[in-house]
Amino acid sequence: MTEQPCRTVAAYETYQEAEHAVDHLSDHGFPVERVAIVGQDVRLVEQIIGRMDYGWAALHGAASGALPGVLIGWLFGLVNWLDPVVSALLLALYGLIFGAIVGALFGMLLHSLQGDRRDFASLRSMQPSRYEVVVDEEVADEAVRLLGGLRTTGGGPIRT
């Protein structure tokens, strides 16, 4: 978006509808570089996925530590810093094992430091209640005209 004044030309209940509206504008030759999709009324949703005990903390930590371990081991193997005979794949395997062990220990340590304050695992996400299609003021009338006949699956645009 430019630093020009902007205007909301339509609002939708889902991101897919707003994306479809911008695609419709693009299909009709509208300068889409002057368009933005803005999520409004954002709320934090934390979905609880289960209990967290030392076993799960170790498992999550091992999964988090394994990938960096593989990458570091593989990079050491690529540059042959240790021994040219040792393959990059073997060092990547060692990195995976070391990273998983360190990650598991770190996960259990963090879980023990939290005590009884947080005995559950969760996933957090940000969810807007609506999505506005915003365009530069200079081309807003053209966008409104193009979006006027657009059909959506969710009951149509919420005009603002």
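Residues numbered from 1 in each chain as written. Predicted model: local features only at pLDDT ≥ 70, side-chain atom pairs only at ≥ 80, totals over all residues. Heavy atoms only, no water.

Undergrad: A description of a nonpolar patch on the surface should follow, citing residues and the corresponding values.
TA: Judged by side-chain polarity, Leu90, Leu93, Tyr94, Leu96, Ile97, Ile101 and Leu105 come together as a nonpolar surface patch covering roughly 640 Å² of accessible area. Of note, Leu90 is situated in helix H3 (residues 88–114). Residue Leu90 is classed as partly exposed on the basis of its relative accessible area of 34%. (Patch = residues over 30% accessible without salt bridge, like charges linked within 9 Å, V, L, I, M, F, W, Y side chains within 5 Å. Areas by Shrake-Rupley, 256 points an atom, 1.4 Å probe, with all protein chains shown as cover. Salt bridge = Lys/Arg side-chain N within 4 Å of Asp/Glu carboxyl O. Helix = DSSP H or I, 4+ residues; strand = E, 2+ residues; numbered from the N terminus. Buried < 20%, exposed > 50% of the residue type's maximum accessible area, 1.4 Å probe, protein only.)

Undergrad: Requested: an account of the packing of aromatic side chains, with residues and values cited.
TA: Applying the stated criterion across every chain yields a total of one aromatic pair. Arranged with centres 5.6 Å apart and planes meeting at 75 degrees, the rings of Tyr15 and Tyr131 form a pair that is edge-to-face. Linking Tyr15 in helix H1 (residues 15–27) with Tyr131 in strand E5 (residues 130–136), this pair joins segments that are 116 residues apart in sequence. (Phe/Tyr/Trp six-rings, centres within 6.5 Å; stacked < 30°, edge-to-face > 60°.)

Undergrad: Please give an account of the pattern of salt bridges that cites residues and values.
TA: Per the counting criterion, the structure on display carries eight salt bridges. Taking the shortest distance from any N to any O, the salt bridge between Arg7 and Asp141 comes out at 2.7 Å. Of this pair, Arg7 sits in strand E1 (residues 6–12) while Asp141 is found in helix H4 (residues 140–147), placing the two residues 134 residues apart along the sequence. Taking relative accessible area as the criterion, Arg7 reaches 27% and is therefore assigned partly exposed. Judged by relative accessible area, which is 58%, Asp141 ranks as exposed.

Undergrad: Account for the sheet that holds E5, with residues named and values stated.
TA: Pairing is antiparallel across the open sheet formed by three strands, whose spatial order is E1-E5-E2. Because the sheet does not close on itself, it has two edges, and the strands there are E1 and strand E2 (35–40). Strand-to-strand twist of the sheet, defined as the mean angle between neighbouring strand axes without regard to direction, takes the value 30 degrees. Judged from the six bridges that link them, E1 and E5 form a sheet pairing that is antiparallel. The residue bridging Ala11 from the neighbouring strand is Glu132, located in E5. Lying on the sheet, H1 is in contact with E1, E2 and E5; it crosses E2 at an angle near 170 degrees. This element, H4, spans E1 and E5 of the sheet and lies at about 20 degrees to E1. (Pairing = 2+ DSSP bridges. Axes fitted to C-alpha atoms, helices over the stretch in contact; angles between N-to-C directions. Contact = heavy atoms within 4.5 Å.)

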